[in-house]
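One-letter residues, chain by chain:
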Amino acid sequence: LLVLIGLYALECTALSSTAWRFEYLRILAGVSAAGARVFGLPAHCIDDYVVVNDLRFKVAEGCDGFGPMAAYLAAVLVTPAPWSRKAMGAAFGVIILIALNQTRLIVIILAAVRRPDLFEWVHFEVGQPIFVVATAVMSAGWPRWAALK
């Protein structure tokens with residue numbers, strides 16, 4: 001619990017205002033725009049915004065997935081396992097969560113453009129819960145994977 005509290009405090013304070021976090025949000029927006037283009041949308045990126053026609057989507061701090069990633073990292077760190085296994089579990093887990101979060105952002109943009117009536121539902125009722133449940137499943141499954149020889 002203390003590890004989770006520490007990671008969350010770090011995420012809420014030191015990481016929130018740094019230039020690298022803005023760069024990360026810009027990267028998320030750029031990849032989201034590229035993903036939207038794959039699905040035929042005329043999307044481009046301006047800083048941390050994805051622009052499709054006359055619609056602008058801000059990739060905000062809550063869209064970065066850092067909160068659930070901090071929870072997953074806390075689960076990895078508190079599990080009794082060799083540090084080499086923890087490092088591998090942390091790296092692979094965070095990569096999976098980044099990919100899942102990026103997919104979530106692209107789907108939200110697609111929904112907003114193609115079915116504006118579903119935007120709020122996809123964003124808040126589908127996308128966020130799926131990401132949180134995936135994080136919980138990964139966190140719960142981590143100790144079992146860490147114990148494998």
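Cut-off values and rules
Residues numbered from 1 in each chain as written. Predicted model: local features only at pLDDT ≥ 70, side-chain atom pairs only at ≥ 80, totals over all residues. Heavy atoms only, no water. Salt bridge = Lys/Arg side-chain N within 4 Å of Asp/Glu carboxyl O. Helix = DSSP H or I, 4+ residues; strand = E, 2+ residues; numbered from the N terminus. Buried < 20%, exposed > 50% of the residue type's maximum accessible area, 1.4 Å probe, protein only. Pairing = 2+ DSSP bridges. Axes fitted to C-alpha atoms, helices over the stretch in contact; angles between N-to-C directions. Contact = heavy atoms within 4.5 Å. Core = buried A, V, L, I, M, F, W, Y, C linked by side-chain atoms within 4.5 Å.

A. Up close: the pattern of salt bridges. Scanning the model with the defined rule gives five salt bridges in all. Residues Arg21 and Asp64 are paired through a salt bridge, measuring 2.3 Å at the closest nitrogen-oxygen approach. Of the two residues, Arg21 is situated in helix 2 (residues 19–38) and Asp64 in the loop between strand 3 (55–58) and helix 3 (66–78); the sequence distance between them amounts to 43 residues. Look at Arg21 and you get buried, because its relative accessible area is 2%. Among the ionic pairs, Asp47 bridges to Arg26, the shortest N-O distance being 4.0 Å. You can see Asp47 sitting in the loop between strand 1 (43–46) and strand 2 (49–52) and its partner Arg26 sitting in helix 2, a full 21 residues away along the chain. Overlapping salt bridges bring together Glu23, Arg26 and Asp47 as one network.

B. Expanded view of the sheet that holds strand 2. Ordered by their spatial adjacency, three strands build an open sheet running 1-2-3, and the pairing between neighbours is antiparallel. In this open sheet, the two edge strands, each paired with only one partner strand, are strand 1 and strand 3. Taken pair by pair, the neighbouring strands of this sheet meet at an average axis angle of 25°, ignoring direction. As paired strands, strand 2 and strand 3 are joined by four bridges and run antiparallel to one another. Counted as the bridge partner of Val51 is Arg56 from strand 3. Against the sheet, helix 2 contacts strand 1 and strand 2, and its axis sits at roughly 170° relative to strand 1.

C. Layout of the nonpolar core. Of all hydrophobic cores here, the largest spans 30 residues; its most connected members are Val50, Val52, Val59 and Ile109. The biggest single contributor to this core is helix 4 (residues 83–114), with eight residues. Excluding its chain neighbours within four sequence positions, the residues that come into contact with Ile109 are Ser32, Ala36, Leu41, Val50, Val52 and Phe57.

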